[in-house]
Amino acid sequence: MTTREQNTFLAQTGPGTPMGNLMRCYWIPALLSAEISEPDCPPVRVRLRGERLIAFSDSKSRVGVMDEFCAHRGVSLWFGRNEKNGLRCPYHGWKYDVTGQCIEVPSEPIESGFCKKIKLAAYDCIERGDVIWVYMGPPDRKPPLPNFEWATVPAPQRFVSKRTQECNWLQALEGGIDSVHVSFLHRHDLRSDPLHISQGAEFTRATNARFEVIETDGGMVIGVRRPARAGQLYWRITQWVMPFHTMIPPYGDNALNGHAFMPIDDENCMVWCFTHHPTRALSGHEFATMRNGGGIHVKLMPGSFRPVVNKDNDYMIDRVAQKHHKSYSGVKGIAMQDAAIQESCGPIQDRSKENLVSTDNGVIMARAATQGRDPGDGRQSA
């Protein structure tokens, strides 16, 4: 059983917390490249692990991610003017470059050198796989660049999206490494979602599963065995890459999928969704399906990353479809089925009330591994 103290340890990721310090030592997906794709584009708010940040691309297309608030009077730089290689506060004109360094204080004489003394907290950034990644940890513990296959294949071979989820990051992650729920929660979608239909998906509907979990230097490999044809078995292999990435096994020649569950704060997370094929371009039909909310992706409310299906509309639950065995939960879409169930546990699930069984071994081992990991051991090469 996970105690309440252990639950707090795992759930809290803000500055100064053990889990927050651990996550700092990894490259973190911060925003889509498309959000700041143009030089001198409007700045974008970013919230990571409870920190309020601002991101922008300067006149030379250099990317900065730094403290959201001007060092003068605390004004949000989201209102800032992005111009001539810097972000200028509209209140009194203080200007910052992509490193957070103040480069102009118009009210002070240049010869005073005052602006050289002012620097906002800022983080190293790299762009890879249509994603802007940031490193927030100590310079001497910076890991290699993220080397996930989806991030290194040519652009026509991948599709990346993200969505907000209104619960703690760990609830979302644990759903990603729980292979047994697929047989129940997603069983009807495995026959209808065009990105999952295959013989392997049909085998995944079997509910009598056996688990094997193997620890690796960077996480775990979770194998689930189900009966297939007479005398044969079907293995579904899921990977967990410390501390917030999961990789979903493919079905036949279908594209592969993965997630990153990044804390916004302790009660909300950003769910990153990656789909790619290692050897071929994704088809127009696959792209259209994903943009329309198919597979692990969802439709979003205009101008936001919040799903159209959400807790405020009861996830548009269809009790008729549920009753007549067209949807196990009554919620439409694989991703939103997961989100609805995970959010239903509350913002931070009380794991001290759980009753775990043998098929929860992956979840149990992930919790133990996360608590025991050296915060400086930032492996992230998958």
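A brief look at the structure comes next. (Residues numbered from 1 in each chain as written. Predicted model: local features only at pLDDT ≥ 70, side-chain atom pairs only at ≥ 80, totals over all residues. Heavy atoms only, no water.)

Glancing now at the nonpolar core. Judged by nonpolar contacts, the single largest core of 62 residues is most densely connected at Leu 48 and Trp 272. The element best represented in this core is strand β17 (residues 268–276), accounting for 6 residues. Once residues lying within four places of it in the same chain are set aside, the contact partners of Leu 48 are Ile 28, Pro 29, Ala 30, Leu 53, Val 134, Met 136, Met 262, Pro 263 and Ile 264. Of all hydrophobic cores here, the second largest spans 15 residues; its members include Met 66, Leu 77, Leu 87 and Ile 118. (Core = buried A, V, L, I, M, F, W, Y, C linked by side-chain atoms within 4.5 Å. Buried < 20%, exposed > 50% of the residue type's maximum accessible area, 1.4 Å probe, protein only. Helix = DSSP H or I, 4+ residues; strand = E, 2+ residues; numbered from the N terminus. Contact = heavy atoms within 4.5 Å.)

Spatially, β11-β17-β16-β15-β14-β13-β12 is the arrangement adopted by the 7 strands of the open sheet, whose pairing is antiparallel. Each edge of the open sheet carries a strand with a single partner, namely β11 (158–165) and β12 (210–216). Sheet twist, expressed as the mean angle between neighbouring strand axes with direction ignored, is 20°. Note that strand β16 (residues 256–265) and β17 share 9 bridges and pair antiparallel. By the bridge assignment for β17, Asp 265 is matched with Asn 268. (Pairing = 2+ DSSP bridges. Axes fitted to C-alpha atoms, helices over the stretch in contact; angles between N-to-C directions.)

Where nonpolar side chains cluster on the molecular surface, the patch consists of Leu 233, Trp 235 and Ile 237 and spans about 280 Å² of accessible area. Positionally, Trp 235 belongs in strand β14 (residues 233–241). Overall, Trp 235 belongs to the partly exposed group, its relative accessible area being 38%. (Patch = residues over 30% accessible without salt bridge, like charges linked within 9 Å, V, L, I, M, F, W, Y side chains within 5 Å. Areas by Shrake-Rupley, 256 points an atom, 1.4 Å probe, with all protein chains shown as cover. Salt bridge = Lys/Arg side-chain N within 4 Å of Asp/Glu carboxyl O.)

Relative to strand β9 (residues 122–128), strand β4 (residues 63–67) runs antiparallel, the two sharing 2 bridges. Pairing of Val 65 across the sheet is with Tyr 123, part of β9. Pairing of β9 with strand β10 (residues 131–135), which is carried by 5 bridges, proceeds in the antiparallel orientation. Pairing of Glu 127 across the sheet is with Ile 132, part of β10.

The subject of this paragraph is the side chain of Arg 24. Assignment of secondary structure puts Arg 24 in helix α2 (residues 18–24). Classification of Arg 24 by relative accessible area gives buried; the value is 17%. A polar side-chain atom of Arg 24 sits 2.5 Å from the main-chain carbonyl oxygen of Met 136. When neighbours within four sequence positions are excluded, Arg 24 is seen to be in contact with Arg 49, Glu 51, Tyr 123, Tyr 135, Met 136 and Gly 137. (Polar contact = N/O pair within 3.5 Å; in protein donor to acceptor, adjacent residues only side chain to side chain.)

Let's shift gears to the sheet that holds β10. The pairing of strands in a sheet comes from backbone hydrogen bonds and takes either a parallel or an antiparallel form. Spatially, β1-β10-β9-β4-β3-β2 is the arrangement adopted by the 6 strands of the open sheet, whose pairing is antiparallel. Two strands bound the open sheet, and with one partner strand each, they are β1 (27–32) and β2 (44–48). Mean inter-strand twist for the sheet, computed between neighbouring axes without regard to direction, equals 35°. Pairing analysis gives 5 bridges linking β2 to strand β3 (residues 51–57), with the strands arranged antiparallel. Across the sheet, the residue bridging to Val 44 is Ala 55, located in β3.

With that settled, the discussion passes to the pattern of salt bridges. Taken as a whole and judged by the stated rule, the model has 19 salt bridges. In this structure, Asp 58 and Arg 62 form a salt bridge, with 2.8 Å as the shortest nitrogen-oxygen distance. Owing to a relative accessible area of 0%, Asp 58 belongs among the buried residues under this scheme. Taking relative accessible area as the criterion, Arg 62 reaches 39% and is therefore assigned partly exposed. Note that Glu 166 and Arg 306 form a salt bridge whose closest N and O atoms lie 2.8 Å from each other. Taken together, the residues span a long stretch of sequence, with Glu 166 in the loop between β11 and α4 (169–176) and Arg 306 in the loop between α8 (284–291) and α9 (319–323) at a distance of 140 residues. Several salt bridges share partner residues, and in doing so they unite Arg 81, Glu 83, Arg 88 and Glu 104 into one network.

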